[in-house]
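Analysis of the macromolecular model
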Amino acid sequence: MVLMVEKIPHGVVRYFTAALALLLLVLLCPGSAGAAAGERHALIIGNSAYETLRPLRNPSSDARLTGDALRDLDFHVEILIDADKATMEQALAAHSERARDAEISLVYFAGHGVQFEGVNYLLTTDSALAAMGDPESTAIDVSRVVQAVQASDPTVGVIILDACRDNPLPPEIAPAGYAGGTALTSGLARLDGVSGLLIAYATAPGQIAYDGSGANSPFAAALVQSLEQPGLEIGLMFRDVRRRVMEMTAGAQIPWVEEALVSPLYLNPIEEPVVAEAEDPAAPAETVEERRDRIQIATTPPAPGQEELDWLLLAALDEERRPLGAEAYLKIHPQGAHRAAVEEMARTTRGLVIAEGEARPEDEYKLWTLVSRTGDPALLERFLALYPEGDFVEDARLRIATLTDTAQATQDAAIDDPAPPRNPVTQEAALDVFLGTGMTTFSLRQRPTTVTFTSLPQNGVLTVTNMDGTETALTPDALGEPVTITALAYRPAQGVLEARDRFTLGAVETGRGLLVQAAEPETISYTVEARVRPHDCDLLAGARFDPQGVVIGNYPNEIVPALAVPACEAAVAEFPEEPRFKFQLARALTAAERHGEALDLYIQAAEEGHVTALYALGAAYEFGLGVERDIDAAVGFYREGAEKGDLYAANSMGRIFQNGVLGEPDMEAALNWFLKAARGGHTFSYNHLGTMYLEGNGVPVDHEKAYRLFDASANAGDIYGFNNMGLMYDNGYFVQQDPEAARHWYERAARGGQPQAPINLALMYLGDHGLEPDEAEAAFWFGEAARLGNPWGYANLGWAHENGRGVAADPVKAAEFYARAAGFPGTDAAAYAERGFEGLPRAATVRALQERLAALDYEVGEPDGDWGPNTEQAARAFLADAGGQAEGTPVDILSTLTLALTPPEPCIATRGLTIAGRTPETDCAI
């Protein structure tokens, strides 16, 4: 919990405290001799059981966990649990003397922290908020901890503060009655003047840290995992801690480090030097993110009926950008209706040369939307020439490299080299190890065999199966000793995402066929590399916030079915016992709208223990995806999943109660469920809670709380958080109104696939939002909203074509777009579109219908806008073929026709604030 109290003079108190600290060092430990050279000393404090403050769940267990980890690294550790102020002051003074002249003096604190007038205080168990007008009397100034470490004059001083145990969520944030009603802050302030020290914060200055719902806080768990990795210099180690915490909290908590060290420091050094194998500088190792980006590059055919949207996009480009846009358009739509016009455009402008720097920045996204879908390296190179320092440089380069690389990596878990050199003395062998698949077994050609291990892997564990069938995990004690085995298996250490883990063994009886085929019996030494990485199915279809996942995961809009489905089918075939892959295959099938197949797999995964599959089943029954709608069944699955810790399910329970799906809305229940999900870092709930506070829906209006929640969502990379941040700046809620900041956030959301952000951008360009009005730009963003499946995109395109706003007036196209929006029944957009359709000239609506019938090979004659016998007969035939009635209004018929050519999105997720009433309340995040 982090508090801000009213300002009072405190300079005199701080100087007195510093003097008192020095006096305590003399009085408390007058005869201590200090530490021996090279010793490491740590004082570990965990305060959970506060007397008058809200108790915390994990600091005491975090202190014990951290202390045990440091003991394993040869630290002399003192652990203090639930210390009052006097005890904590004495412990600091004793530690300062005990660690005198040590190699490392380290202090770790877990518990409540407060900030007052830029000064940080650690709260002891007897701290009282009523006394916070004089913070020195009830809390420990962090500068006191700094003095205790510096006074011991170690080679290196380290202070670790896991002391912002608060959540940016109501009702804990800013409760009344603290220090005269002063609001809570969001975290500790930075410390200055820390020469020779490293100070690590559990979260960034001014932000919050989570106590955690498990056995330990995210920061403490990540810290211990990183401490267990040998050979990490302390700066690199805390970067590893930051990565782990960000993964555990979906980016909502970002650890921070202030350091002024003059030499490298290793808390867990490697005992023996390891000579790393030289790497090819031309082929650096891929990160998880790079690999995911690379395998997602594919040319996918456009959805039916999307050509009109791309034509609108091409028309929005200026004359100098159209040559490249036209060629990209023709690659995507080689047989499109506008082919002749685009070919002429490309032919007459192909020789146009555009110098670097002349391209308009506002055209970059439009051009990228076309060029990135072509799969043509030459067009991507031309795009780079136009935008050498643009937003998509890295994406373009990665796509070019991938598209020109024809080498295909093989993934074979069995080690097999059929043609090694004759009578080899040493052999290289490799094993692909996929995370979260249990032990990976080597394919031994001879069983049993006697081997000797001369080195062990650093990032995993080797297990051998003995002659009697027992299994033994190898330790350093086994090195150099012959052992007869019938099987050999490897498992990566917890927390390892990607590694090339090497170890060495030799066959002392015979080398024939131990790991690779040998020509003659001979003693052979093998250097084996275990290549640890996530499976492509995890990278392509893993779910954000999946507690049983092995990577950060994807939001639903990030799944590319053409790639994810085959990758996950391969994973299910290879690892049929792993329910995670069944769940992820079902997600990929859901993205491909193969809901019946997905449902069967969700059921299997749930029965086999995959918790998030319960949420997916709830969504299937709530929205009728592959099964008849059944709200009671949906809520049953949601509740079961939420009670087992699934954050998606908890968020959905909040939405169920908020929307009154089971009867009257219950905002208290909704708030509690949203809080449960949000405390686990689930960004969808951040957006729901932020919207509640923005609109005063069941809670008091509080724009600051809304902003903090949206900001946490945006920091985690959620596109709905981006959109909501745009709304805050667009309307001046809590922050100063800033049109450029609003446009920035909306564009980030739109580029990520958030379906409401393009509508918000278009409205800004129509005027009265602080941007220069630009109706053509507005029409473009309406088109982007339509491309993302938002019915208001189609409805507004109908309005634009009807009235000639940003596009040429064309009532026929207006009729088509209105009819497309009408294909989302029950939405405000559909009702608006039906009214717009009825106001169009009859000849325009009839011609639009005729053109659509003709496109489906129904005989209507020449489209002329006249409802004659041919048109009526064709319409009746189409309705009969479609299984509809023989009668129908023109908008019904045309809507059905447009849907026949352009299937609608199954649903539109609105996890945050949207324009009131403009988007259906659904949640598609499976």
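Procedures and definitions
- Along each chain, the written sequence defines residue order, and numbers are assigned to residues from 1.
- Local features in a predicted model are, by the rule used here, given only for residues with pLDDT of at least 70; side-chain atom pairs are given and counted only at 80 or more, and totals for whole chains, interfaces and linings are based on all residues.
- Excluded from the side-chain calculations are hydrogens and water; all other atoms, namely the structure's heavy atoms, are used.
- Whenever a pair of cysteine sulfur atoms sits within 2.5 Å, that pair is classed as a disulfide.
- Per the convention used, a helix needs a DSSP run of H or I reaching at least four residues, while a strand needs a run of E reaching at least two, with both numbered from the N terminus.
- Classification of residues uses two cut-offs on accessible area relative to the type maximum, computed with a 1.4 Å probe and protein chains only: under 20% is buried, over 50% is exposed, and between them is partly exposed.
- Here, strands pair whenever DSSP counts at least two bridges between them.
- In this analysis, rings of Phe, Tyr and Trp, with Trp reduced to its six-membered ring, are considered paired at centre separations within 6.5 Å, and the interplanar angle assigns stacked below 30 degrees, edge-to-face beyond 60, and tilted for intermediate values.
- With axes taken as lines fitted to C-alpha atoms, and helix axes fitted only over the stretch in contact, angles between N-to-C directions fall between 0 and 180 degrees.
- Throughout, a residue-residue contact means that at least one pair of heavy atoms, one from each residue, lies within 4.5 Å.
- Here, the term nonpolar core denotes a set of buried Ala, Val, Leu, Ile, Met, Phe, Trp, Tyr and Cys residues that are joined through side-chain atoms within 4.5 Å.
- To sort the angles, those under 35 degrees are grouped as roughly parallel, those over 145 as roughly antiparallel, those from 65 to 115 as roughly perpendicular, and the leftovers as oblique.
- The handedness criterion is simple: a crossing whose near helix is rotated anticlockwise from the far helix by less than a right angle is left-handed, and one whose near helix is rotated clockwise is right-handed.
- Three residue categories are used. Nonpolar comprises Ala, Val, Leu, Ile, Met, Phe, Trp, Tyr, Cys and Pro, charged comprises Asp, Glu, Lys and Arg, and polar comprises the others, including Gly.

Describing the state of the cysteines
Per the stated rule, a full pass over the model turns up one disulfide. Through a disulfide, Cys537 is tied to Cys568; the S-S separation comes to 2.1 Å. Since a negative S-S torsion denotes a left-handed disulfide, the Cys537-Cys568 link at about 95 degrees is right-handed. Of this pair, Cys537 sits in helix α14 (residues 536-541) while Cys568 sits in helix α15 (residues 561-574), and the two are 31 residues apart along the sequence. Since its relative accessible area comes to 0%, Cys568 is described here as buried.

Focus: the pairing of strand β3 (residues 104-110)
Summarising burial for β3: seven of the seven residues are buried, a large majority. Covered by surrounding structure in β3 are Ile104, Leu106, Tyr108 and Ala110 together with Ser105, Val107 and Phe109, the residues of both alternating faces. With seven bridges joining them, strand β1 (residues 40-46) and β3 adopt parallel strand pairing. Looking across to β3, one finds that His41 is bridged to Ser105.

Remarks on the packing of aromatic side chains
This structure, assessed with the given rule, holds 15 aromatic pairs. Here the aromatic rings of Tyr615 and Tyr648 are separated by 5.0 Å at their centres, their planes lie at 20 degrees, and the arrangement is stacked. One end of the pair, Tyr615, is in helix α18 (residues 612-623); the other, Tyr648, is in helix α20 (residues 647-658), with 33 residues separating them in the sequence. Take Tyr615 and Tyr648: they sit in the same class, and that class is buried. Plain terms: the ring middles of Trp792 and Tyr832 are 5.4 Å apart, the flat faces sit at 45 degrees to each other, and that makes the pair tilted.

What about the sheet that holds β1?
Spatial ordering of the open sheet is given by β2-β1-β3-β7-β8-β9, a layout of six strands whose pairing is mixed. The open sheet is flanked by β2 (76-81) and β9 (256-259), the only strands paired with a single partner. With strand direction ignored, the average angle separating the axes of adjacent strands in the sheet is 10 degrees. Sheet contacts for helix α4 (residues 142-151): β3, β7 (156-162) and β8 (197-201); angle to β7, the most-contacted strand, approximately 155 degrees. The strands touched by helix α5 (residues 218-227) are β3, β7 and β8; relative to β7, the strand with the most contacts, the crossing angle is about 145 degrees.

Looking at the nonpolar core
The biggest cluster of nonpolar side chains holds 150 residues, and the ones touching the most others in it are Leu367, Val371, Phe383, Tyr638, Leu689, Tyr729 and Trp781. When sequence neighbours within four positions are dropped, the list of residues in contact with Trp781 reads Tyr365, Glu747, Ala750, Pro758, Leu761, Ala762 and Tyr765. Judged by nonpolar contacts, the second largest core, of 34 residues, contains Val158, Leu232, Ile234 and Val241.

A word on the packing of helix α28 (residues 791-803) against helix α30 (residues 828-838)
A pair of packed helices is captured by two measures, namely the crossing angle of their axes and the spacing between those axes. Where α28 meets α30, the axes come as close as 8 Å, and the angle between the chain directions of the two elements is 20 degrees. For the element pair α28 / α30, the angle class is roughly parallel. Between α28 and α30 lies a crossing of left-handed hand. Every residue of α30 that contacts α28 at Pro791, Trp792, Ala795, Trp799 and Glu802 is listed here: Asp828, Ala829, Tyr832, Ala833 and Gly836. Of the residues assigned to the contact of α28 with α30, the class counts are seven nonpolar, one polar and two charged.

Observations concerning the sheet that holds strand β6 (residues 139-141)
Here we have three strands laid out as an open sheet, ordered β4-β5-β6, and antiparallel in their pairing. Among the strands making up the open sheet, the edge pair consists of β4 (113-116) and β6. Across the sheet, the mean angle from the axis of one strand to that of its neighbour is 35 degrees, orientation sign disregarded. Pairing of strand β5 (residues 119-123) with β6, which is carried by three bridges, proceeds in the antiparallel orientation. The residue bridging Tyr121 from the neighbouring strand is Asp141, located in β6. Packed onto the sheet, helix α3 (residues 85-98) meets β5 and β6 and runs at close to 30 degrees relative to β6. Sitting on the sheet, α4 touches β5 and β6, and the angle it makes with β6 is about 55 degrees.

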